[in-house]
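The chain contents come next:
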Amino acid sequence: MIVNGKAYRTVWMEDDTVYMINQLRLPHTFEIVALPDHRATAVAIRDMWVRGAGAIGAAAGYAMAQVALEAPRGVGFAAYVQQGAATIRATRPTAQDLFYAVSRVLAAIEGAPDAESARQAAVRTAQMLADENAAAGEAIGRYGAVLMHDGCRVLTHCNAGWLAFVDWGSALAPIYAAHREGKRVFVYVDETRPRSQGAKLTAWELANEGVPHTIIADNAAGFFMQRGEVDLCIVGSDRIAANGDIANKIGTFEKAVVAHEMGIPFYVAAPTSTIDPACPSGESIPIEERSQEEVLYAEGLLDDGQSGRVRIAPAGSAARNPAFDVTPARYITAIITERGIFKPGDILQALD
Ligand code: MRU
């Protein structure tokens, strides 16, 4: 991705420090933060400085590399590594990429003959995970671009672009690829309350890439689909169950149901690292429930140019805030992965 004329990844590691774009400050301020140890990186994942399944997967992999680099030599190495893995796994519950990354780096550490080799293997594996993540996004873009005709009007929910990965993204990758091929693509961006990843992040990415788009209130998606103004929907996923059910940002399910009703193709784009073969169906996907404050308040730039938040709801009203929902496989036209396009019921074939 290019920001202000410079190539960036969403998250990367130099020596023992993890760097990332601070997504809490976008779209108004572009800031890189440096995280000196695995605890700081875990807090950044938990508090959503970095968010999006692929990006938190890469950050989790790097955090595991930090664990290995920090761990005491000799006695205590293995216990420190296990404790670090537990800390990172406890940050956010839904995105399978996070657990996938922790397990991959842990396996590399445990397969090494001594602590020094384990450190090197951890750093190498974390870097490999990040590179695979970027390459998967590019391949998803290539496969998905074929589904977009010139003049295509696409609806997307949340942010599954380069900010949600190391580069490229999942749902937005085909849009970028089609746009770069010269196809005219127009994107309806669901604002994605309560955290507004669509309005804040997807709109910022699309503007940066020069892709024409408009932000719509979450409740307006059905309106545009019913009026025939959406040719296809494409969303990302945080976890894909073995039967092809998917978890994605809250609000995805209802978009899929409306798309199904209106005969509009509904695509899910995700790398194979998002597939959880141990999860038989969407019912077993753990769904994160976040603070009610995110619903009761809105955050953004105030008229005086300072960041701030305003309370929307009456004092005393409570709120519920599930962060994800499950879209059953029957509403999904196909799942686009870096290994090709699969019917949801065949998704395990992507792991063969
Ligand atoms: O809560 P977030 O912002 O980490 O949510 C994850 C997501 O960005 C979405 O659910 C996205 O559509 C899939 S992740 C690429």
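One can find the structure itself at the top, above this paragraph.
A few points on the structure. Since this is a predicted model, take the numbers as computed values, not measurements. (Residues numbered from 1 in each chain as written. Predicted model: local features only at pLDDT ≥ 70, side-chain atom pairs only at ≥ 80, totals over all residues. Heavy atoms only, no water.)

Focus on the sheet that holds strand β5 (residues 32-35)
Move 1: Ordered in space as β3-β4-β5, the three strands form an open sheet in which the pairing is antiparallel. The sheet is open, and its two borders are formed by β3 (11-14) and β5, each paired with just one other strand. For this sheet, the mean angle separating the axes of adjacent strands, direction not counted, is 25 degrees.
Move 2: In this sheet, β5 lies alongside strand β4 (residues 17-21) in antiparallel orientation, the contact comprising four bridges. Of the residues in β5, the one forming a bridge with isoleucine 21 is isoleucine 32.
Move 3: Here helix α2 (residues 53-70) sits on the sheet in contact with β3, β4 and β5, set at roughly 20 degrees to β3. (Pairing = 2+ DSSP bridges. Helix = DSSP H or I, 4+ residues; strand = E, 2+ residues; numbered from the N terminus. Axes fitted to C-alpha atoms, helices over the stretch in contact; angles between N-to-C directions. Contact = heavy atoms within 4.5 Å.)

Notes on the site of the ligand
Move 1: Surrounding the ligand, one finds 18 residues, the nearest of these being Arg51, Arg92, Asp238, Asn248 and Lys249.
Move 2: Interatomic distance of 2.5 Å between a side-chain N/O atom of arginine 51 and an oxygen atom of the ligand.
Move 3: A distance of 2.7 Å separates an oxygen atom of the ligand from a polar side-chain atom of asparagine 248.
Move 4: Partitioning the shell around the ligand into residue classes produces seven nonpolar, seven polar and four charged.
Move 5: Of the domains in this structure, domain 1 (2-138) and domain 2 (142-351) are the two that each give at least three residues to the shell around the ligand. (Near = heavy atom within 4 Å. Polar contact = N/O pair within 3.5 Å; in protein donor to acceptor, adjacent residues only side chain to side chain. Nonpolar A, V, L, I, M, F, W, Y, C, P; charged D, E, K, R; others polar. Domains from an automatic or database assignment.)

Quick notes on the sheet that holds strand β9 (residues 232-235)
Move 1: Pairing in this open sheet of seven strands is mixed, and the strands run β8-β7-β6-β9-β12-β17-β18 from one edge to the other. The strands lining the two open edges of the sheet, one partner per strand, are β8 (213-216) and β18 (340-342). Neighbouring strand axes in the sheet, compared pairwise and without regard to direction, differ in orientation by 25 degrees on average.
Move 2: Alignment of strand β6 (residues 152-156) against β9, held across two bridges, turns out to be parallel. Along β9, the bridge assignment pairs valine 154 with leucine 232.
Move 3: Its contacts with the sheet place helix α6 (residues 173-180) against β6, β7 (185-190) and β9, and it is angled at close to 155 degrees to β7.
Move 4: Most of the contacts of helix α9 (residues 252-262) go to strand β12 (residues 266-269), to which it runs at about 145 degrees, and overall it touches β7, β9 and β12.

Brief notes about the pattern of salt bridges
Move 1: By the definition in use, this model includes 19 salt bridges.
Move 2: A salt bridge links glutamate 116 to arginine 119, with the shortest nitrogen-to-oxygen separation between them at 3.5 Å. In this pair, glutamate 116 and arginine 119 are both assigned in helix α5 (residues 115-145), three residues apart and thus about one turn of the helix distant.
Move 3: Residue classification places arginine 119 among the buried positions, given a relative accessible area of 4%. (Salt bridge = Lys/Arg side-chain N within 4 Å of Asp/Glu carboxyl O. Buried < 20%, exposed > 50% of the residue type's maximum accessible area, 1.4 Å probe, protein only.)

Thoughts on the nonpolar core
Move 1: Core analysis: the biggest nonpolar cluster contains 42 residues, and Val11, Met20, Met64, Val81 and Ile109 have the highest contact counts within it.
Move 2: Breaking this core down by element, the ones donating at least two residues are β3, β4, β5, α1 (38-46), α2, α3 (77-89), α4 (96-110) and α5.
Move 3: Top element by residues in this core is α2. It accounts for twelve residues.
Move 4: Contacts of valine 81, omitting those with residues within four sequence positions, involve Met64, Val67, Ala71, Leu106 and Ile109.
Move 5: Within the second largest apolar cluster, 35 residues are counted, among which are Leu26, Ile175, Val185 and Leu232. (Core = buried A, V, L, I, M, F, W, Y, C linked by side-chain atoms within 4.5 Å.)

Brief notes about α5
Move 1: Over its 31 residues, α5 extends 45 Å from the first C-alpha to the last, a length consistent with the 45 Å expected when each residue adds 1.5 Å.
Move 2: Looking at where α5 begins, the residue whose side-chain oxygen comes 3.2 Å from the main-chain nitrogen of glutamate 116 is aspartate 114. (Expected span 1.5 Å × (residues − 1).)

Examining a nonpolar patch on the surface
Move 1: Among the surface-exposed residues, Leu302, Val310 and Ile312 lie close enough to one another that they form a single nonpolar patch of about 250 Å² accessible area.
Move 2: Examined against the element boundaries, leucine 302 turns out to sit in the loop between β14 (297-301) and β15 (307-311). (Patch = residues over 30% accessible without salt bridge, like charges linked within 9 Å, V, L, I, M, F, W, Y side chains within 5 Å. Areas by Shrake-Rupley, 256 points an atom, 1.4 Å probe, with all protein chains shown as cover.)

Remarks on the packing of α4 against α5
Move 1: Running from N to C, α4 and α5 cross one another at 150 degrees; their axes reach a closest spacing of 8 Å. Crossing of α4 against α5: the hand is right-handed. Residues Tyr100, Ala101, Arg104, Val105, Ala108 and Ile109 of α4 touch α5, and the partners they reach there are Ala118, Ala121, Ala122, Thr125, Ala126, Met128, Leu129 and Glu132.
Move 2: The residue makeup of the contact of α4 with α5, split by class, is eleven nonpolar, one polar and two charged. (Left-handed = near helix turned anticlockwise from the far one by under 90°.)

Some details on the packing of aromatic side chains
Move 1: Enumeration over the complete set of coordinates arrives at nine aromatic pairs.
Move 2: Look at tyrosine 8 and tryptophan 12: their rings are 6.5 Å apart centre to centre, the planes differ by 50 degrees, and that puts the pair in the tilted class. Residue tyrosine 8 shares its accessibility class with tryptophan 12, and that shared class is buried.
Move 3: With a centroid separation of 5.7 Å and 75 degrees between ring planes, the pair formed by tryptophan 162 and tryptophan 204 is classed as edge-to-face. Of this pair, tryptophan 162 sits in the loop between β6 and α6 while tryptophan 204 sits in helix α7 (residues 197-209), and the two are 42 residues apart along the sequence. Grouping residues by exposure puts tryptophan 162 and tryptophan 204 together as buried. (Phe/Tyr/Trp six-rings, centres within 6.5 Å; stacked < 30°, edge-to-face > 60°.)

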